[in-house]
Amino acid sequence: MRTRFAPSPTGYLHVGGARTALFCYLEARARNGVFILRIEDTDLERSTPESVQAILDGMEWLGLDYDEGPFYQTQRFDRYADVVQQLLDDGRAYHCYCSKERIEGIREEQMKAGLKPRYDGHCRDGAEAVAGVKPVVRFRNPHQGDVVFDDLVRGRISISNTELDDLVIARPDGSPTYNFTVVVDDMDMKVSLVIRGDDHINNTPRQINIYQALGAELPDFAHVPMILGDDGARLSKRHGAVGVLQYREDGYLPQALLNYLVRLGWSHGDQEVFSLQEMIELFDIRQVNRKASAFSTDKLDWLNQHYMKTLPPAEVAEHLVWYFEKAGINPEKGPSLADLVSVQADRVKTLREMTDQSRVFYEDIGDFDAGAAKKHLRPVAEQPLRAIGNRLADLEIWEPERLDQVVRITAEELEVGMGKIAQPLRVALTGTAISPSIDKTLWLVGRERSLARISRALEYVMARAAAV
Ligand code: GLU
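This one's a predicted model, so the numbers in the text were calculated from it and none came from an experiment.

**Q** It is not clear to me how the overall build of the protein chain should be interpreted in this structure. Could you clarify?
**A** When helices and strands are counted, the protein chain shows 19 helices and 12 strands. Against the compact-globule benchmark of 23 Å for 468 residues, the protein chain has a radius of gyration of 32 Å, which places it well outside the compact range. The principal-axis extent of the C-alpha atoms belonging to the protein chain is close to 105 × 45 × 40 Å. Looking at the protein chain as a whole, 49% of its 468 residues are labelled buried. The contacts of the protein chain with a sequence gap of at least 6 include a subset with a gap of at least 24, amounting to 75%. As presented, the protein chain carries roughly 22900 Å² of accessible surface, and 47% of it is formed by carbon and sulfur atoms. Across the protein chain, 57 positive and 71 negative side-chain charges occur, with their mean positions spaced 4 Å apart.

**Q** So what exactly am I meant to see when it comes to the pairing of strand β1 (residues 2-5) here?
**A** Looking along a regular strand, one sees side chains alternate from face to face of the sheet. The two faces of β1 match: Arg-2 and Arg-4 on one face and Thr-3 and Phe-5 on the other face are all buried. Note that β1 and strand β2 (residues 34-39) share 4 bridges and pair parallel. By the bridge assignment, Arg-2 is partnered in β2 with Val-34. Pairing of β1 with strand β9 (residues 193-197) involves 2 bridges; the strand directions are parallel.

**Q** Is there a simple way to explain the sheet that holds strand β5 (residues 136-139) in this structure?
**A** Within a sheet, each strand pairs with its neighbour through backbone hydrogen bonds, oriented either parallel or antiparallel. In spatial order, the strands read β4-β5-β8; together these 3 strands make up an open sheet with antiparallel pairing. The sheet is open, and its two borders are formed by β4 (93-96) and β8 (168-170), each paired with just one other strand. Between one strand and the next, the sheet's axes are offset by a mean angle of 45°, whatever the strand orientation. Strand direction decides the pairing type here: β4 and β5, joined by 4 bridges, are antiparallel. Residue pairing across strands places His-95 opposite Val-137, the latter belonging to β5. Each of β4, β5 and β8 touches helix α3 (residues 77-89); the most contacted strand, β4, lies at about 100° to it.

**Q** Before we go on, may I ask you to explain helix α18 (residues 438-445) in this structure?
**A** For an α-helix the count is 3.6 residues per turn, leaving residues at separations of three or four pointing the same way. With 7 of 8 residues buried, α18 lies mostly within the body of the structure. Within the span of α18, buried status applies to Ile-438, Asp-439, Thr-441, Leu-442, Trp-443, Leu-444 and Val-445. If you follow the buried residues of α18, they end up packed against α12 (337-344), α15 (382-394), α16 (400-414), α17 (418-430) and α19 (447-467). Of the residues trailing α18, Gly-446 is marked for its positive phi of about 90°.

**Q** How should I be thinking about the nonpolar core in this particular structure?
**A** Counting residues in each nonpolar core, the largest one holds 101 residues, and the members touching the most others are Met-59, Val-262, Ile-285, Phe-295, Leu-385 and Leu-392. The dominant element in this core, judged by the number of residues it contributes, is helix α1 (residues 15-30), at 9 residues. Those residues in contact with Leu-385 that lie beyond four places of it in its chain are Leu-377, Pro-424, Leu-425, Ala-428, Ile-454, Ala-457, Leu-458 and Val-461.

**Q** Please clarify how the site of the ligand should be interpreted in this entry.
**A** Taken together, Arg-4, Ala-6, Pro-7, Ser-8, Glu-40, Tyr-178, Val-182, Arg-196 and His-200 form the complete shell of residues around the ligand. Ala-6 has a polar backbone atom sitting 2.8 Å from a nitrogen atom of the ligand. A distance of 2.8 Å separates an oxygen atom of the ligand from a polar atom in the side chain of His-200.

**Q** Explanation requested: the packing of aromatic side chains in the structure shown.
**A** Geometrically, a pair of aromatic rings is defined through the distance of the ring centres and the angle of the planes. Taken as a whole, this structure holds 12 aromatic pairs when the rule is applied. Seen from their ring centres, Phe-368 and Tyr-460 are 5.1 Å apart, and the 70° between their planes marks the pair as edge-to-face. With Phe-368 in the loop between α13 (351-356) and α14 (370-376) and Tyr-460 in helix α19, this residue pair connects regions lying 92 residues apart in the sequence. Just above the ring of Tyr-119 sits the side chain of Arg-138; from NZ or CZ to the centre is 3.6 Å. Its guanidinium or amino end placed over the ring of Trp-322, Arg-248 lies 4.0 Å from that ring's centre, counting from NZ or CZ.

Criteria and cut-off values
- Residues numbered from 1 in each chain as written.
- Predicted model: local features only at pLDDT ≥ 70, side-chain atom pairs only at ≥ 80, totals over all residues.
- Heavy atoms only, no water.
- Helix = DSSP H or I, 4+ residues; strand = E, 2+ residues; numbered from the N terminus.
- Rg over C-alpha atoms; globule rule 2.2 N^0.38 Å.
- Buried < 20%, exposed > 50% of the residue type's maximum accessible area, 1.4 Å probe, protein only.
- Contact = heavy atoms within 4.5 Å.
- Areas by Shrake-Rupley, 256 points an atom, 1.4 Å probe, with all protein chains shown as cover.
- Lys, Arg positive; Asp, Glu negative; His and termini not counted.
- Charge placed at Lys NZ, Arg CZ, Asp CG, Glu CD.
- Pairing = 2+ DSSP bridges.
- Axes fitted to C-alpha atoms, helices over the stretch in contact; angles between N-to-C directions.
- Core = buried A, V, L, I, M, F, W, Y, C linked by side-chain atoms within 4.5 Å.
- Near = heavy atom within 4 Å.
- Polar contact = N/O pair within 3.5 Å; in protein donor to acceptor, adjacent residues only side chain to side chain.
- Phe/Tyr/Trp six-rings, centres within 6.5 Å; stacked < 30°, edge-to-face > 60°.
- Lys NZ or Arg CZ within 6 Å of the ring centre and 35° of its normal.

This is the structure:
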């Protein structure tokens, strides 16, 4: 059992590609098979090194590790040339000297007559070499019979050979074309299951004919349907992030994206949450729906929050490091990231938000938010701030439970509601009126910093009282 993911490096690793990669990976892992990564970079004009890197980074971030590869088609040109020669020698391919103008001409005529444009076979039975013209090589497609295959997703597919024409397998400069290289590679790499987007379904009969001409065993094929945006149109950049690494930038956990992707076109009862291990156990490419599935950012958000809350905080923290680095926050200068995650996970939707909302635990706070200070750091706040400051200064164990107790006791002693203490304290500690519960906020800000910030807020309150 051998599967492969064979992206063309002409853009980002997009969501559709990542889902294909995941399906290949799951099939291989579920059936003790081999998962191969092959970079289809023969289109020299459109392939870029950045895009190769984005594919490798995306696969790594998602944790889709492959057993063989990455292979690069550009490193296999000699092999393709040999196979082209073999087909020429066997009479399964031929040189074609038809000019572009001639090909254009027949295409126009066929279109006018309402026919599907196809090569008319002019050079099929022996063409005179034309001086100064480098020929293309065309595959001699059978004229009779049908190509029939049982797609694991789409069911039986049958195409008459009369629908197909003699496709170009090598260009005048000798460079091979997609439909040809893909067959040579899958044959050489002994791929037994081809999973790919159903935009390739029309290529498959052509490829099957090439397999047969080469005497190679056919793999199974599974063509997975495309992904639509929430508006029913094919998912594209217009719908926001479609590059996998953009989801990382935006603060999603790879576990959430994988879980989300596996559900695009596949289900297991009404289960929504799948660990990777469960996916491996339950996934079956034969159960993938043949209808297109729609992308929903809300659902992805829901899964992301689910994983932030339920994975061990230390595991989430490992991912958070990346965001801290990007935001220029030093995680050493505050609470452990695992502690931070345990508090913040159910307050935010993404790791990026978590990072944005956690700076105050690692860095000095600047000016108080004007509105929050105006409302909560008034002269009446002096007494509660002083009282809580004194008690906290005496507290030896800086744990949420103890901190909560101290706030309560102080409120009771002053005979005021908790809010009369918690709100000024919150503004003192974070500069804003919004933060986790006050005990957790104190805990994360830490002892020394909390005491210093309370003093600072007291100074502010007193200066304000004096100015009245
Ligand atoms: N390289 C092709 C693509 O990125 C996929 C080819 C295949 O999987 O057979 O669309």
